Amino acid sequence: MELYSLSIDEARSAIVKGEISPQELVIALFERIDALEERVGAYVSLARENALRQARQAEDDLKGNAEKALVGIPLAIKDNICTEGIKTTCSSKILENFIPPYESAVTQRLKEEGYILIGKTNLDEFAMGSSTENSAFGLTKNPWDFERVPGGSSGGSAAAVASDECIAALGSDTGGSIRQPAAFCGVVGLKPTYGRVSRYGLVAFASSLDQIGPITKNVRDSAILMNIISGHDLYDSTSADMPVPDFTSNLGQEIKGLKIGIPKEYFIEGLDKEVEDSVKEAIKKLESLGAIPVEISLPHTEYAVAAYYILATSEASSNLARYDGVKYGLRADGEDLIDMYMRTRDEGFGAEVKRRIILGTYALSSGYYNAYYKKAQQVRTLIKEDFEKALENVDVIVTPTTPTPAFRIGEKTDDPLQMYLTDIFTLSVNLAGVPGISIPCGFTARNLPVGLQIIGKHFDEESILKIAYAYEQATDWHKRKPNI
Ligand code: GLN
């Protein structure tokens with residue numbers, strides 16, 4: 001087996017046993033990146049020197065103690081997560097040269113466990129999008145078909161994992177941005193419960209929805225990263241002061257008798273036939289492992305996309321007010337202060353970000369606030385209640401992650417509404433604040449991956465990981481690799 005294709009679990013055990021060295025692993029990954037990156041385009045920037053330095057550090061660490069959970073493991077980080085001293089652009093011209101003076105909480109925790117940062121991955125500008133086509137720094141391609149998108153907004157992270165250009169990655173998910181690209185690229189993506197993971201150092205998009213989570217080659221690696229990044233943080237007042245279980249400890253347990261809810265609103269017109277077939281097969285597989293499927297209803301599903309796009313744009317319009325050319329980021333010349341603000345924002349932001357700032361500002365403006373923002377908040381409460389009610393009677397909910405497999409580059413760029421609809425199965429999970437995972441559950445006739453979404457109760461990532469692991473052990477989808 002090639003070193004670059006190792007999982008976290010495999011790489012760590014080989015490193016700790018002395019079978020491979022962190023430097024060898026880093027070198028193998030950069031060779032892989034050099035061979036593929038021109039075609040895949042997963043990274044905004046690479047951290048070669050940093051990675052080699054950290055690899056030498058890991059080798060020193062290994063001489064002392066080998067306890068660190070990620071000693072010598074090279075990971076990729078989405079470029080909206082701040083890394084001290086290393087450029088963090090959000091794939092936006094406005095932050096093209098921004099070097100954070102501090103480390104995000106999640107990367108700080110990874111550092112303490114000895115990880116190696118190999119690069120920052122591409123995204124839709126400020127994580128606004130579903131295809132990574134909204135990046136100011138070029139396209140990322142789907143490793144399964146270079147004519148198709150990797151999904152988004154964490155498309156770079158998902159493509160890097162799928163093409164073995166890293167061992168695993170972090171992404172962020174506001175309305176599906178971890179799970180949807182994971183589904184399109186045939187890898188595992190987990191959005192934790194709102195509050196499970198600190199967002200300190202995550203560049204804010206929609207603060208009531210944003211969460212950071214792992215994108216990995218398999219379910220065990222997802223649990224390993226969750227163990228490290230989860231938990232209370234004084235620097236993020238929305239992070240929950242809750243005990244963090246060992247997410248790996250339930251893996252391998254039986255799932256007999258667990259009830260899996262199948263929401264009827266998720267099997268509707270517009271759902272691709274091959275996706276539907278794969279997901280139904282997967283449900284049968286879970287049944288054969290002892291799970292009990294139960295039809296459920298999430299009655300307010302049809303309002304989710306509309307509510308999400310009011311709330312997410314409103315929050316974005318407020319969060320992005322800080323990019324005005326004064327404290328950091330791009331600054332354009334202007335005749336006076338107002339002119340400087342306007343030129344900076346006009347030159348710095350791309351079309352989709354501008355569209356959202358305009359939409360959100362409109363929804364929040366006086367006279368419209370009650371009709372849009374307040375109404376959307378009320379709908380959000382109903383959607384949250386749908387999930388809470390359904391999850392009183394079942395252990396988890398199982399759905400397709402996306403209505404279609406990866407679409408063609410350019411196919412939806414002229415039609416924002418079509419693009420927004422690709423999040424139809426993922427964004428309710430953010431509105432409700434519950435955790436969700438996407439795992440590979442099949443391939444279409446064109447050899448495009450299909451994702452299965454498993455949704456859990458608040459702070460019950462353990463159940464979704466356990467079921468995902470049981471399914472993964474019983475199938476081979478996660479072992480398939482794109483032919484590149
Ligand atoms: N595609 C959704 C949007 O454009 C979700 C993005 C995300 O989760 N960051 O808002």
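Read on for an overview of the structure.

1. Quick word on the environment of Glu302
Working step 1: One can find Glu302 in the loop between strand E8 (292–296) and helix H9 (304–319).
Working step 2: Look at Glu302 and you get exposed, because its relative accessible area is 64%.
Working step 3: A sequence separation of 224 residues divides Glu302 from Lys78, and the C-alpha atoms of the two residues are 31 Å apart.

2. Regarding the packing of helix H2 (residues 22–40) against helix H3 (residues 48–64)
Working step 1: The geometry of H2 relative to H3 is characterised by a closest axis approach of 8 Å and an angle of 155° between their N-to-C directions. Judged on the interaxial angle alone, H3 and H2 are roughly antiparallel. With respect to the hand of their crossing, H2 and H3 are arranged in right-handed fashion. Contacts between H2 and H3 involve Pro22, Gln23, Val26, Ile27, Phe30 and Asp34 from the former and Arg48, Ala51, Leu52, Ala55, Arg56, Ala58, Glu59 and Leu62 from the latter.
Working step 2: Of the residues belonging to the contact of H2 with H3, the class tally is nine nonpolar, one polar and four charged.

3. Digging into the nonpolar core
Working step 1: Counting 143 residues, the largest nonpolar core has Leu70, Leu110, Phe126, Phe387 and Ile454 as the members making the most contacts within it.
Working step 2: In terms of residue count, H9 provides more of this core than any other element does, eight residues in total.
Working step 3: Apart from residues lying up to four places away in sequence, Leu70 is in contact with Ile8, Arg12, Leu75, Leu110, Glu113, Gly114, Tyr115, Ile224, Leu225 and Ile228.

4. Details of the side chain of Ser222
Working step 1: With respect to the secondary-structure elements, Ser222 resides in helix H7 (residues 219–229).
Working step 2: Ignoring anything within four residues of it in the chain, the contact list for Ser222 reads Val188, Leu190, Pro214, Thr216, Ile437 and Leu465.

5. So, empty space enclosed by the protein
Working step 1: For the coordinates displayed, the defined rule picks out two cavities of 30 Å³ or more.
Working step 2: Its boundaries defined by the atoms lining it, the largest cavity holds a volume of some 70 Å³.
Working step 3: Gly129, Gly175, Ser177, Tyr308 and Asp423 are, among the 15 residues lining the largest cavity, the residues nearest its centre.
Working step 4: For the lining of the largest cavity, the class distribution of residues is five nonpolar, eight polar and two charged.

6. Considerations on the site of the ligand
Working step 1: If you check the shell around the ligand, you find 15 residues, and the closest are Thr174, Gly175, Ser177, Tyr308 and Arg356.
Working step 2: Here Ser153 contributes a side-chain N or O atom positioned 3.4 Å from a nitrogen atom of the ligand.
Working step 3: In the environment of the ligand, an oxygen atom lies 2.7 Å from a nitrogen or oxygen atom belonging to the side chain of Tyr308.
Working step 4: Relative to its unbound accessible area of 290 Å², the ligand is 100% covered by the protein chains.
Working step 5: By residue class, the composition of the shell around the ligand is five nonpolar, seven polar and three charged.

7. Things to note about the sheet that holds strand E11 (residues 449–455)
Working step 1: What the eleven strands build is an open sheet, ordered E1-E3-E2-E4-E6-E5-E10-E11-E9-E7-E8; its pairing is mixed. The sheet is open, and its two edges are formed by strand E1 (43–46) and E8, each paired on a single side. Shown here is a sheet whose adjacent strand axes are inclined to one another by a mean of 30°, direction ignored.
Working step 2: Relative to strand E10 (residues 436–443), strand E5 (residues 188–191) is paired through three bridges, and the arrangement is antiparallel. The residue of E10 that forms the bridge with Gly189 is Ser438.
Working step 3: Running over the sheet, H3 touches E1 and strand E3 (116–121) and is turned about 160° from E3.

8. Some thoughts on H7
Working step 1: Of all eleven residues making up H7, nine are buried, and the element is well covered by its neighbours.
Working step 2: Within H7 the residues assigned to the buried category are Val219, Asp221, Ser222, Ala223, Ile224, Leu225, Met226, Ile228 and Ile229.
Working step 3: Looking at the residues trailing H7, positive phi occurs at Gly231, about 120°.

9. Quick notes on the side chain of Lys78
Working step 1: Relative to the elements of secondary structure, Lys78 occurs in strand E2 (residues 74–78).
Working step 2: Buried charged residue Lys78 carries no salt bridge. Nearest counter-charge: Asp124, at 7.4 Å.
Working step 3: A distance of 2.9 Å separates the side chain of Lys78 from the side chain of Ser154, its partner in a polar contact.
Working step 4: Lys78 has contacts with Lys120, Thr121, Leu123, Ala127, Ser153, Ser154, Ser157, Leu170, Gly171, Ser172 and Ser177, leaving out every residue within four places of it along the chain.

10. Overview of the pattern of salt bridges
Working step 1: In total, this model carries 23 salt bridges according to the counting rule given.
Working step 2: For the salt bridge of Arg356 with Glu352, the shortest nitrogen-to-oxygen distance reads 2.7 Å. A residue pair is termed a helical-turn pair when its members lie 3 or 4 positions apart in one helix, as Arg356 and Glu352 do in helix H11 (residues 351–364) at four residues.
Working step 3: Relative accessible area serves as the criterion here: at 2%, Arg356 is assigned to the buried category.
Working step 4: Several salt bridges converge on common partners, so that one network encompasses Asp164, Lys217 and Lys481.

11. Comments concerning the packing of H9 against H11
Working step 1: Contact geometry for H9 and H11: axes closest at 7 Å, N-to-C directions at 100°. Classified by the angle between their axes, H9 and H11 sit roughly perpendicular to one another. Contact residues: Tyr309, Ile310, Thr313, Ser314 and Ser317 in H9; Arg356, Ile357, Leu359, Gly360, Thr361, Ala363 and Leu364 in H11.
Working step 2: Class assignment of the residues belonging to the contact of H9 with H11 gives a composition of six nonpolar, five polar and one charged.

What counts and how
Residues numbered from 1 in each chain as written. Predicted model: local features only at pLDDT ≥ 70, side-chain atom pairs only at ≥ 80, totals over all residues. Heavy atoms only, no water. Helix = DSSP H or I, 4+ residues; strand = E, 2+ residues; numbered from the N terminus. Buried < 20%, exposed > 50% of the residue type's maximum accessible area, 1.4 Å probe, protein only. Axes fitted to C-alpha atoms, helices over the stretch in contact; angles between N-to-C directions. Parallel < 35°, antiparallel > 145°, perpendicular 65-115°, else oblique. Left-handed = near helix turned anticlockwise from the far one by under 90°. Contact = heavy atoms within 4.5 Å. Nonpolar A, V, L, I, M, F, W, Y, C, P; charged D, E, K, R; others polar. Core = buried A, V, L, I, M, F, W, Y, C linked by side-chain atoms within 4.5 Å. 1 Å grid on protein atoms, 1.4 Å probe; cavity = no way out; pocket = protein on both sides within 12 Å on 5 of 7 lines; lining within 4 Å. Points joined across faces, edges and corners; volume = space filled by probe spheres on them. Near = heavy atom within 4 Å. Polar contact = N/O pair within 3.5 Å; in protein donor to acceptor, adjacent residues only side chain to side chain. Areas by Shrake-Rupley, 256 points an atom, 1.4 Å probe, with all protein chains shown as cover. Pairing = 2+ DSSP bridges. Lys, Arg positive; Asp, Glu negative; His and termini not counted. Salt bridge = Lys/Arg side-chain N within 4 Å of Asp/Glu carboxyl O.

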